Protein chains: 2
Amino acid sequence: MNLYVGNKCELSWSTRAAVEAEAVASLTCSGHGRAFLDGLVVEGKPVCECNTCFGGPDCSQFSPGCAADADDGDPIFLEPFWVRHAASSAILVTGWHRMSYVFDDQSYISQELKRHICKVHAIAGNAVTAARFIVFGTGSTQLLNAAVHALSPDNSSTPARVVASIPFYPVYKTQTDFFQSTEFKFQGDTSMWNDTSNTSMNFIEFVTSPNNPDGQLKKAILEGPSVKTIYDHAYYWPHFTAIPAPADEDVMIFTISKLTGHAGTRFGWAVIKDEAVYQRMLTYMDLNTIGSSRDSQLRALKLFKVVLEGGGREIFEFGYKTMRNRWEKLSNALLVSQHFSIQEIAYQYCTFFQKVRGPSPAYAWFKCEKEEDKDCYAVLKAANIIGRNGSMFSAENRYVRLSLIRSQDDFDLLLHRINILVSEENGARTM
Amino acid sequence: MNLYVGNKCELSWSTRAAVEAEAVASLTCSGHGRAFLDGLVVEGKPVCECNTCFGGPDCSQFSPGCAADADDGDPIFLEPFWVRHAASSAILVTGWHRMSYVFDDQSYISQELKRHICKVHAIAGNAVTAARFIVFGTGSTQLLNAAVHALSPDNSSTPARVVASIPFYPVYKTQTDFFQSTEFKFQGDTSMWNDTSNTSMNFIEFVTSPNNPDGQLKKAILEGPSVKTIYDHAYYWPHFTAIPAPADEDVMIFTISKLTGHAGTRFGWAVIKDEAVYQRMLTYMDLNTIGSSRDSQLRALKLFKVVLEGGGREIFEFGYKTMRNRWEKLSNALLVSQHFSIQEIAYQYCTFFQKVRGPSPAYAWFKCEKEEDKDCYAVLKAANIIGRNGSMFSAENRYVRLSLIRSQDDFDLLLHRINILVSEENGARTM
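As the structure is a prediction and not an experimental result, all values here were calculated from the model.

Take helix H4 (residues 111-124) of chain B next. Residues and elements named next belong to chain B. When the terminal C-alpha atoms of H4 are compared, their 20 Å separation across 14 residues agrees well with the 20 Å that a helix rising 1.5 Å per residue should span. Taken residue by residue, H4 has Glu112, Leu113, Lys114, His116, Ile117, Val120, His121 and Ala124 as its buried positions. Check the buried side of H4 and you find it contacts strand E9 (133-137), strand E14 (251-255), strand E15 (268-272), helix H8 (294-308) and helix H9 (314-334). With its phi angle positive at about 65 degrees, glycine 125 sits one or two positions after the end of H4.

On to the layout of surface pockets. Picture a little ball the size of a water molecule; that probe, rolled over the atoms, points out where space is still empty. Estimated volume of the largest pocket: approximately 830 Å³. Along its surface, the largest pocket is lined by 41 residues, and Tyr101(A), Tyr108(A), Asp286(A), Ile290(A) and Tyr169(B) are the ones closest to its centre. Elements with a contribution of two residues or more to the lining of the largest pocket: helix H4 (111-124), strand E9 (133-137) and helix H7 (275-289) of chain A together with helix H5 (139-151) and helix H6 (171-178) of chain B. Within the lining of the largest pocket, the residues separate by chemical class into 19 nonpolar, 14 polar and 8 charged. The space that makes up the second largest pocket amounts to roughly 560 Å³. What lines the second largest pocket is a set of 29 residues, among which Tyr169(A), Val171(A), Arg388(A), Tyr101(B) and Ile290(B) lie closest to the centre. Those elements that place two or more of their residues in the lining of the second largest pocket are helix H5 (139-151) and helix H6 (171-178) of chain A together with helix H7 (275-289) of chain B.

All names here are of chain A. If you check the domain split of chain A, you get domain 1 (4-66), domain 2 (111-311) and domain 3 (312-430). Look at where the C-alpha atoms of domain 2 and domain 3 centre, and you get two points 26 Å apart. Counting residues at the interface gives 33 residues for domain 2 and 28 residues for domain 3. Both sides together, the interface formed by domain 2 and domain 3 hides about 2,300 Å², and carbon and sulfur atoms give 63% of it.

To continue, consider the interface of chain A and chain B. Across the boundary between the two partners, chain A contributes 100 residues, which contact 100 residues of chain B. Of all residues in chain A, Glu22(A), Asp38(A) and Met99(A) bury the most surface against chain B, accounting for 9% of the area lost on that side. Our count for the chain A to chain B interface comes out at 10 salt bridges. Arg98(A) is the salt-bridge partner of Asp38(B), the closest N and O atoms lying 2.9 Å from each other. In this assembly, chain A and chain B are joined by 59 residue pairs in polar contact (both at pLDDT 80 or more). Split by residue class, the side of chain A that touches chain B holds 42 nonpolar, 36 polar and 22 charged.

Our focus in this paragraph is the side chain of Glu183(A). Mapped onto the elements, Glu183(A) comes out in the loop between H6 and strand E11 (184-189). Of the buried charged residues, Glu183(A) lacks a salt bridge, with Arg280(A) as the closest side chain of opposite charge at 5.0 Å. Not counting residues within four places of it along the chain, the set of residues in contact with Glu183(A) comprises His149(A), Ser152(A), Asp154(A), Pro159(A), Ala160(A) and Gln180(B).

Per the UniProt record, the feature "domain: Alliinase EGF-like" (unreviewed entry) sits at residues 12-66 of chain A. Regarding residues 12-66 of chain A, the helix share stands at 20% and the strand share at 22%, and the terminal C-alpha atoms are separated by 47 Å.

Here chain A sits on chain B after a turn of 180 degrees about the axis and a move of 0.0 Å along it, with an RMSD of 0.0 Å. The transformation just described matches what one would write down for a two-fold rotation axis. Both copies share a contact surface, since 100% of the interface residues of chain A are interface residues in chain B too.

Right, let's talk about the sheet that holds strand E11 (residues 184-189) of chain B for a bit. Residues and elements named next belong to chain B. Here 7 strands make up an open sheet; going across it, the order is E9-E15-E14-E13-E12-E10-E11 and the pairing mixed. Edge positions in the sheet fall to E9 and E11, since each has one partner strand and no second. For this sheet the average axis-to-axis angle between neighbouring strands, irrespective of direction, equals 25 degrees. In terms of strand pairing, strand E10 (residues 160-164) meets strand E12 (residues 203-208) through 4 bridges, oriented parallel.

On average, residues of chain A score 95 in pLDDT, and 96% of them are at 70 or above. The model gives residues 1-8 of chain A a pLDDT under 50, and that stretch makes 20 contacts with residues more than four places away or in other chains.

Quick look at the environment of Ala346(A) now. Residue and element names in this part refer to chain A. With respect to the helices, strands and loops of the structure, alanine 346 is situated in the loop between strand E16 (340-341) and strand E17 (348-350). Here alanine 346 falls in the exposed class, since its relative accessible area comes to 56%. Between the C-alpha atom of alanine 346 and that of glutamate 328, which follows or precedes it by 18 residues, the distance is 14 Å.

Rules and cut-offs
Residues numbered from 1 in each chain as written. Chains lettered and ligands numbered in written order. Predicted model: local features only at pLDDT ≥ 70, side-chain atom pairs only at ≥ 80, totals over all residues. Heavy atoms only, no water. Helix = DSSP H or I, 4+ residues; strand = E, 2+ residues; numbered from the N terminus. Expected span 1.5 Å × (residues − 1). Buried < 20%, exposed > 50% of the residue type's maximum accessible area, 1.4 Å probe, protein only. Contact = heavy atoms within 4.5 Å. 1 Å grid on protein atoms, 1.4 Å probe; cavity = no way out; pocket = protein on both sides within 12 Å on 5 of 7 lines; lining within 4 Å. Points joined across faces, edges and corners; volume = space filled by probe spheres on them. Nonpolar A, V, L, I, M, F, W, Y, C, P; charged D, E, K, R; others polar. Domains from an automatic or database assignment. Buried area = accessible area lost by both parts, 1.4 Å probe. Salt bridge = Lys/Arg side-chain N within 4 Å of Asp/Glu carboxyl O. Polar contact = N/O pair within 3.5 Å; in protein donor to acceptor, adjacent residues only side chain to side chain. Lys, Arg positive; Asp, Glu negative; His and termini not counted. UniProt positions renumbered as here; feature names shortened; annotations may be inferred. Least-squares fit on C-alpha atoms with pLDDT ≥ 70 in both. Pairing = 2+ DSSP bridges. Axes fitted to C-alpha atoms, helices over the stretch in contact; angles between N-to-C directions. pLDDT = per-residue confidence, 0-100.

Right, dumping it as structure tokens:
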């Protein structure tokens, strides 16, 4: 190959890919959508994929009657950060990049990436990684079940009881039920098992901190020699919560989705104290997917490099500022409401920002306060807002989870509709 | 963003990534290794990762006593194809590429990629895809267990019996055992169950065609209303076998690993007739990993575009030529041996090449013929060759699988050592 590195006018084989990517990126889609390299191509041109409620070839047409989407946890609020860092976050992947099953050390795990993950934790101050084992997964989703497998006792006559505290992230139940095994079984709410007579039973407790859906920092409830705990720390980043201290639990799970916003990359990692648990999780990854995609690992490495640039504060400041701003706007909109409320989250000292900081959770845990509004999802639906039903989180349907981490378009429309809902409530009261 | 597309001297934000990639690629590592974008960086420079038995900063130092590695199925034989297609196979991934969980149609599956997969099958003539459902997986490994799950009967009092014909790919057993479920259980060799009294039992039969390890085209053995079959067609490409006709089975599994050589990308797909089975496999993918990495899907799409260039014959011609050449060399080396043999594969008409063609399997199923050579792995080990023990494939240890799809360096050393082994045998006989 001819290579003339150092002068951008003398690029060789890489030019075609670079030109292709810039052509796709040049479609701005009116700021309400984007075009992708792997999107539909019509008449030789890439096509805009519009945000919810926008349409037309350039996404400029707003559909006024369209429902505000506050349903899933698509972390698109971080997209502007990456557009701002276009040059440093781009990667050019060659056709022959990492074709092998293994890295140079015969593992499925990039040591460079592992090193960068530890650095990011050190800067955020959210987890102890020194002298810990790290396993990669195809998103944290895969690691959740891998951890359940790894922590289940071998050859026990009764399967380990898997529990979580209501309200909890529904995947703990659906996943554990789906991969029903002779080794473990989902057994519902932790509080049902919180008495001393259960000390000899094997338990695996999921602890989500901060919690999905309600954003509260949580600790394990069950204790004892036969209790294992999986800390899902997906949201334990300065974007979403104060960081009181570095987490130092036996099994902690993180995901790139809620750190950099790359949900589609399907990359997560677990930080583990015990070598035997680590080895069992590695075996799970091996037999399930032969590790996580090397393309995802390459992408994650580049993203972490950008996160670490200039001392590594920028993404957390951007994340916190965006989420804090959204939370304040939503809180203000609901201040005057008697019918609707959102959770309270305490102001708390954050070691990352070195100050007491206000709440900036990923989700609002929205409550319909009126006695007759038992189906809060329906109340919001009537106001043209799509949330996620409280029963999905094993809670009352008086609650709905509203996602605040989606695109600015989605949040703006949600806020607009909430304002209308509250003003109608007050209008009605005045009448 | 400023974009000046059309003239390579006027690239904007993409230049940095392009320059970075060309700098890494410019390290040629003496043709016995390569440098990667995510490899170790020492003093600001990427480092060569050398092929087995080569070392030194530029991989120029051969270690004469080093063992020939014919162990795993790393499909590096296709690497030169991708180096040759450097310009068309490169992709430039932006920092904001596909951050969302979902594609524009709310699925986890790129429709563009699906379309390209169907085109590749049409050209190879190896599978019927019209009016079929397609599921993506994190490698075919994930799809194997997803298919077992999907084909297991719900709420049956006895778990489905999962079987395969000896010699078989070890993952069928290890994976099924590891993910032990109330729904399925591995039950060994298919032939143990091949009598009519078993017709009411639920069976799931793995059929690998061509077979790993022995390269033979295979058909299901079990028949009946309660028998389900999973066809693992990883190697059903013109590289490795004659294609007598397009496969048209209920559940067929393919992987990019053995088509383009990108084992590290962890991307596979299943072609499915029945919608209910398809839906169950989708649920598995959802709860296991929320689909396969969008970065892998982007990469796969680009690779398929290159495969399809110019009528789509080149990669199959390259693959066949390379594998046929290796097989002929190995066969010739063993022609005069009385102690060692490899499997016979019939010449067969191939619809892709439109002629009768000779064997070009991915693996040699190597046999130690001497009565006392019951441990063939040890015999080869003594000759400084690392294969994979017959017992791994539930066969006799008189057999060893030798991988022929690794790098040219690995194959050359293997052939060299086989030649020495055979010449020593003949030397001994002459004495």
